[in-house]
Amino acid sequence: MVRLALWMLLASYIAPLATAQVFDLSELQWTLKNQNGSIVVPGSLPSQAHLDLFEAGIINEPLLGINEFTERWVINDNWTYTADLTPFTKNYKSDTSDKMLLVFYGIDTIANITFAGHPVAWVNNQFRRYTYDVSDYLISPAGEDKNLTIALESAWYYGQNVTMRPDAEYFPNIPNVATSDNFEYPNVRMWIRKIDDDFGWDWGPAFVPCGVYKPAYLVTLSESEPRDIASGVTTYPATSSSVLLDETSLDIYKYGQNPSVAPDQSADWILNVTFGIRSIKSFEKPTVTLSIPELYLTSEALDLGPIPANTDENTYLSVSWSIPDSAPERWYPIDLGAPKLYNLTITLDPSPGQGDGASTESITQTITTGFRTIQLLQTPYSAEEIASRGITPGDQWHFAINGKAFYSKGTNIIPFDPFYSRIKPEAVRWVLDSAIKSGQNMLRVWGGGIYQPSDAATDGGLYDFYSLCDELGILAWSELIFSDSLYPINDFLLESIEPEVRQNVRRINKHPSNVQWAGGNEIEGIVMSANTSLANGTHYLDEFVYLFQDYLHDIVLSETNSVPLDPYVIRFANGTPGYIYGNTERYNYNASLAFDLTTYPVGRFVNEFGFHSMPSFYSWEEVLENPEDYAFNSTVVMSRDHHPPAGNLAWPNPNAPQGQYQMSSAVELWLPTPGTSDSNQTFAQWCWSTQLFQSMNMVAQIAWYRRGAGLGENNLGSLVWQLNDIWQGVSWSAIEYSGRWKVLQYGMATVYSPVIIDPFWFPGNESLTILATSDRWETVDGTAQLTWYDWNGNAINSMTTPFSIPTLNNSIIYEGIGLDTILPSGYNANDVWLLMNVTATTDNKLVTSESYFTPVSLAYSNLVDPKIAVTASDNYTFTLSAKGGVGAWTWLDHPSGTVGYFVDTTTGLPSNGYYLIPGIDRTVQFILSTKLSTVQSSDPSDFVVRSLWNNTHI
């Protein structure tokens, strides 16, 4: 404690450091106009054209009704943002030695930038940070122009123009061969470094937005002491009076480790800090000092190397510091340990030796980070493992944290809103918190969206993502933004992609939550099809290998030692029959096969699987405008089902009936078909029933994949498609756009529990196996109880059995063959169901979980009116009682305008959607999100209870 106190005392004596003038361009008065000048409205920064047009009353809220269609004209125009620089120049004092840098953290996407009438740059990449020296432009404006102008070109028209270039290769989309999945705006997105789903996807709208969607700054570097300016002063970016730190990258790894060399867990930690520097002055002997106050560790002054006087481009310089393995505690995902974080203080002193302490040119930053090793194991299983553990031959495919393999449980993340600049930080935190609450430890940042930000400040992120993952203890699988398309090997694209990838890999390096860099999403299958189906298929195969195996691989490899890379070892489905390789996906929209376990993949890791569902009635209320819209197949509802995608600009989606049928047929096969005398209730039950089927289907698959951890496939990962929503429409999400939890979110909270019990029914030979499964690193002992009930709620028979589950394995609770043997004697399959419970102690906590088995579809079960009574108490606590029969899938809805979730007051775990048994009441409390709820104090009588009985009864 003495050393820490001394460190803090010394820090308090450091003189205030001189910093550059940093002006936030959001302080300027912006104007937005279209190409012909017929629309001129106030603009803002950061923003996007749709949002400023909405604010000005030119268009309605884009997500309302059918505005995705009616507001397409916005996409078909070019938009210009202009701001008068006078508020900056009237306070800005310059001499000829000063340098002025213009910093953009994100421009969406195709733009010409002019400053005081001088051309600055043409840009074409949404995912890059841009910094330009504009030093002389204000002194001598062109034609007295003192504006900053960003002229944005329609990405749709730009894409069409690029495809007509003589050097633009042809990507065929013909019967039986598609080299790109098209959604709404076809055949252009592979040419544009922009969010792929901006052009449409089968779960979201196609707005193709444009704008300066992240913050931007003017930074003035001076050889003399800087002058203060009256407004717009900010602490970002990091500067001294003469130096701008355009980038700071921190990579923490073990001595000798890189993505190809496994870490030695006992080796020292290496902290490598890389700076991207622009400076108005040269410095011969700058130093860097690193310290971790919590560990009482401070480095010596580390030599950085000379900093040249260069403001045109970044100079990259690095230092490394070694600390003992035993010094820090390790970071773990929350379900496997503590996500321990430390504050690393980085002081760059360009001109040390000018008296005691740091010089006035020093720049000090604090980065919150953690220590961990992460591996993606893809080497073949050894002969010993195959023999001793019964593993099917082939390659491994799973992650190891700090040297230990674990089970990855989670979902896929898509962009949080069609318009990045209005994403709410509290909404993102809610989604990530919700993932933790439902037992997840990994989120896949899908490669068709955006590179998620580190935090609100770094590179103008606007909201926290990776820093929240670090804090909460959730792993983030990161992907480069390439998805569902072949990509051209074109010089102007590659020149833009290289800095894009480098910037983002360097930025994310500091986050212990990052588990890998994958090359993209679902591209290998496309190129394999092209290779076997097209006469020139090898051309596309060669381009794919070059882009992913060579070009992107080498870029990423050169920027990180701590994060594994995949899928840079190109597989092309090569393998020996009977062997298992790689990761896999599973989508099957034939609802009759939904619970046919023989159709589920047997793989090492399943990174996508899902089924779509409706949003709730409450979400539809946010966007539907007319009473006649509230129907399952109304025009507006169907227009917001983009699955299967139109593939073009046809509206409403001509393929939506297929997607609607997939959902409705699933409900009709497996649940009572909704139909009551109240049309709104019927619609609400339809929406809820599609969610219920989705949850039942995904829970069955998760249980199957978790079961595989103890079988030959050694399955060690299941990531559901998808966690969050981008709008109020048909999607695969577990959480709605508002933050409301779907049934699936509660289902995952059950099946992603550390210890679970689940049935595995094979109708072909009428066999039933019930397993208890654990994802713990230690042996888990517990008790399982199996109880048969009739639908009146009478317990028919019950058995209790102890179990012991080895590490990442299963324990057999019951095996039976023949339905007559499995069912209670004298009962029909339509009249009974099985309740399964487990109770165990693990991690010094009591763990409980339950699941249900019905020997026939619930559509044919002889359900009985549950006559559910709800008693409300203080703090939104509700006790639910079945006064009649069993309430199959009893569900409590919270009112419109509220966001929150229900917890069981006994276990403290999320709880909604369960079998309510007469005589066994459930008490739950609604935990309100005050930050997201527009209604803060609902009447308890506005909470609505529903069950399968309500599908056909008021």
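Trainee: I'd like a description of the overall build of the protein chain, backed by residues and values.
Mentor: Secondary structure summary: the protein chain contains 17 helices and 45 strands in total. Overall, the C-alpha framework of the protein chain stretches about 95 × 70 × 65 Å when taken along its three principal axes. In the protein chain, which comprises 954 residues, the proportion classed as buried is 61%. Within the protein chain, counting contacts between residues at least 6 apart in sequence, those at least 24 apart form 73% of the total. If you sum the accessible surface of the protein chain, you get close to 34200 Å²; carbon and sulfur atoms cover 50% of it. Averaged over its 49 positive side-chain charges, the protein chain has a centre that lies 4 Å from the centre of its 102 negative ones.

Trainee: Report on helix α14 (residues 656-670), specifying residues and quantitative values.
Mentor: When the terminal C-alpha atoms of α14 are compared, their 22 Å separation across 15 residues agrees well with the 21 Å that a helix rising 1.5 Å per residue should span. Residues of α14 that are buried: Ala 656, Gly 659, Gln 660, Gln 662, Met 663, Ser 664, Ser 665, Ala 666 and Val 667. Tucked into the core, α14 has its buried residues touching α13 (635-639) and α15 (679-707).

Trainee: So, the sheet that holds strand β43 (residues 914-916): which residues are in play, and what are the values?
Mentor: The sheet built from three strands is open, its strands ordered β43-β41-β45 with antiparallel pairing. Both edges of this open sheet fall to β43 and β45 (944-946), since each of them pairs with a single strand only. On average, adjacent strands in this sheet sit at an angle of 45° to one another, irrespective of strand direction. Taken together, the two bridges between strand β41 (residues 887-893) and β43 define a ladder with antiparallel strand orientation. Within β43, the residue paired with Thr 890 across the bridge is Tyr 914. α15 contacts β41 and β45 of the sheet and is inclined by roughly 115° relative to β41.

Trainee: Give me the lowdown on unusual backbone geometry, citing residues and values where you can.
Mentor: The peptide bond linking Leu 45 to Pro 46 adopts the cis configuration, its omega dihedral lying at -5°. Locating Pro 46 in the fold gives a position in the loop between β3 (40-43) and α2 (49-55). Look at the link from Asp 108 to Thr 109: it is a cis peptide, with omega at -10°. Its identity as a non-glycine residue notwithstanding, Asn 176 has a phi of 75°, on the positive side. Within the element layout of this structure, Asn 176 appears in the loop between β10 (173-174) and β11 (177-178). Unusually for a residue other than glycine, Leu 808 sits at a positive phi of about 45°. Relative accessible area serves as the criterion here: at 11%, Leu 808 is assigned to the buried category.

Trainee: With reference to specific residues and values, describe the confidence of the model for the protein chain.
Mentor: Mean pLDDT over the protein chain: 93, with 95% of residues reaching 70 or higher. Low pLDDT, under 50, characterises residues 1-17; the predicted model gives this stretch eleven contacts beyond four residues in sequence or across chains. Confidence over residues 226-235 falls short of pLDDT 50; this stretch has 23 contacts with residues more than four positions distant or in other chains.

Trainee: Before we move on, can you summarise the environment of Tyr 332 with the specific residues and values?
Mentor: Tracing the backbone through its elements, the reader meets Tyr 332 in the loop between β19 (310-323) and β20 (342-349). Separated by 515 residues in the primary sequence, Tyr 332 and Val 847 have C-alpha atoms spaced 20 Å apart. Ignoring anything within four residues of it in the chain, the contact list for Tyr 332 reads Gly 337, Ala 338, Pro 339, Ile 401, Asn 402, Gly 473 and Trp 777.

Trainee: I'd like to hear about the pattern of salt bridges, residue by residue, with values.
Mentor: Overall, the coordinates contain 31 salt bridges when judged by the stated rule. One salt bridge connects Asp 167 with Arg 165, and the closest N-O pair in it is separated by 2.8 Å. Its relative accessible area of 36% is what places Arg 165 among the partly exposed residues. The salt bridge involving Glu 559 is made with Arg 502; its shortest N-O contact spans 2.8 Å. Placement of Glu 559 in helix α11 (residues 537-559) and of Arg 502 in helix α9 (residues 491-508) is noted, with a sequence separation of 57 residues between them. Connected through salt bridges with shared partners, the residues Arg 129, Asp 246, Glu 247, Asp 459, Glu 498, Arg 502, Arg 506 and Glu 559 form a single ionic network.

Trainee: Help me get a handle on helix α5 (residues 155-163), residues and values and all.
Mentor: Buried within α5 are the following residues: Ala 155, Trp 156, Tyr 158, Gly 159 and Val 162. The buried residues of α5 occupy one face: seen down the axis, they fall within an arc of 165°. Here the buried face of α5 lies against β6 (110-115), β7 (118-123), β9 (147-153) and α9.

Trainee: Run through the environment of Val 219, naming residues and quoting values.
Mentor: In this structure, Val 219 sits in strand β12 (residues 216-221). Exposure remark for Val 219: the relative accessible area of 0% places this residue in the buried category. Residues Val 219 and Ala 238, spaced 19 residues apart in sequence, show a C-alpha to C-alpha distance of 9.9 Å. Setting aside its immediate chain neighbours within four residues, Val 219 contacts Ala 20, Gln 21, Val 22, Lys 99, Met 100, Leu 101, Val 103, Pro 237 and Thr 239.

Trainee: Which residues make up the pairing of strand β16 (residues 287-292), and what values do they have?
Mentor: Burial runs high along β16: five of the six residues are buried. Where β16 meets strand β18 (residues 302-303), two bridges bridge the pair, whose relative direction is antiparallel. Looking at β18, one finds that Val 288 is bridged to Leu 302. The pairing of β16 with β20 spans five bridges and is antiparallel. Each residue of the ladder has a partner; that of Thr 289, found in β20, is Thr 347. Two elements, β16 and strand β17 (residues 297-298), share two bridges in a ladder whose sense is antiparallel. Bridge pairing in β17 places Ile 292 opposite Leu 297. Taking the residues that link successive antiparallel strands as the turn, the β16-β17 hairpin has four residues, and the phi of Tyr 296 there is positive, at about 55°.

Calculation notes
Residues numbered from 1 in each chain as written. Predicted model: local features only at pLDDT ≥ 70, side-chain atom pairs only at ≥ 80, totals over all residues. Heavy atoms only, no water. Helix = DSSP H or I, 4+ residues; strand = E, 2+ residues; numbered from the N terminus. Buried < 20%, exposed > 50% of the residue type's maximum accessible area, 1.4 Å probe, protein only. Contact = heavy atoms within 4.5 Å. Areas by Shrake-Rupley, 256 points an atom, 1.4 Å probe, with all protein chains shown as cover. Lys, Arg positive; Asp, Glu negative; His and termini not counted. Charge placed at Lys NZ, Arg CZ, Asp CG, Glu CD. Expected span 1.5 Å × (residues − 1). Pairing = 2+ DSSP bridges. Axes fitted to C-alpha atoms, helices over the stretch in contact; angles between N-to-C directions. pLDDT = per-residue confidence, 0-100. Salt bridge = Lys/Arg side-chain N within 4 Å of Asp/Glu carboxyl O. Arc of directions from axis to C-beta.

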